[in-house]
Amino acid sequence: MSDIEIQGHQYVYQKIVAEYRVSAPAYLPFGFFTVRVVEQGSSFKATPDIAVRDLRCGGHLAVHATAATVEEAAIEAIRQLYLEIAKQDRGRELEVSDFVWIANPVEH
């Protein structure tokens, strides 16, 4: 992350270094989702643009992963997403309403 000042206003910005379009497995109610990766000092943070709704509170469980390389971070974020989906057993097929799309996932 870096700071910049423009006309007296302070802004923080992150460089998006990769964006992956990931095919979803057949048991999910959508075909693809996106994982964005940003620089974070000497490491990389990856976040999917979807999150599964939490059965207990109705909120969503956004996941992310930090790793030494872009690819490691992306793979770990995908793995964490699938682990969260597996924890939310609904006893039925998953529906689109079971997920939340995150417009800017790198902020989470």
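Heads up: the structure comes first, above all this text.
Owing to the predicted nature of the structure, the values given are computational and were not obtained by experimental measurement.

(A) Main features of the packing of aromatic side chains. The tally for this structure, following the rule as stated, stands at four aromatic pairs. Centroid distance Phe 30 to Trp 101: 5.1 Å. Interplanar angle 80°. Geometry classified as edge-to-face. With a gap of 71 residues between them, Phe 30 in the loop between β3 (16-23) and β4 (32-40) and Trp 101 in strand β9 (residues 99-101) connect regions that are remote in the sequence. On the numbers, 6.3 Å between centres and 85° between planes, the contact of Phe 33 with Tyr 82 is edge-to-face. You can see Phe 33 sitting in strand β4 and its partner Tyr 82 sitting in helix α1 (residues 70-87), a full 49 residues away along the chain. With a relative accessible area of 2%, Phe 33 lands in the buried category. Residue classification places Tyr 82 among the partly exposed residues on the basis of a relative accessible area of 22%. Three or more aromatic residues joined by ring pairs make a cluster, and in this case those are Phe 30, Phe 99 and Trp 101. Just above the ring of Phe 32 sits the side chain of Arg 21; from NZ or CZ to the centre is 3.7 Å.

(B) Structural view of the pattern of salt bridges. This structure, assessed with the given rule, holds four salt bridges. The shortest N-O distance in the salt bridge between Glu 76 and Arg 79 comes to 2.8 Å. One end of the pair, Glu 76, and the other, Arg 79, are both in helix α1, three residues apart, so they sit about a helical turn from each other. We classify Glu 76 as partly exposed; its relative accessible area is 24%.

(C) Region of the structure containing a nonpolar patch on the surface. Together, Ile 4, Ile 6, Tyr 11 and Tyr 13 make up an exposed nonpolar region whose accessible area comes to about 370 Å². Of all the secondary structure elements, the ones that give two or more residues to the nonpolar patch are β1 (2-6) and β2 (9-13). Positionally, Tyr 13 belongs in strand β2.

Quick notes on the rules
- Residues numbered from 1 in each chain as written.
- Predicted model: local features only at pLDDT ≥ 70, side-chain atom pairs only at ≥ 80, totals over all residues.
- Heavy atoms only, no water.
- Phe/Tyr/Trp six-rings, centres within 6.5 Å; stacked < 30°, edge-to-face > 60°.
- Helix = DSSP H or I, 4+ residues; strand = E, 2+ residues; numbered from the N terminus.
- Buried < 20%, exposed > 50% of the residue type's maximum accessible area, 1.4 Å probe, protein only.
- Lys NZ or Arg CZ within 6 Å of the ring centre and 35° of its normal.
- Salt bridge = Lys/Arg side-chain N within 4 Å of Asp/Glu carboxyl O.
- Patch = residues over 30% accessible without salt bridge, like charges linked within 9 Å, V, L, I, M, F, W, Y side chains within 5 Å.
- Areas by Shrake-Rupley, 256 points an atom, 1.4 Å probe, with all protein chains shown as cover.

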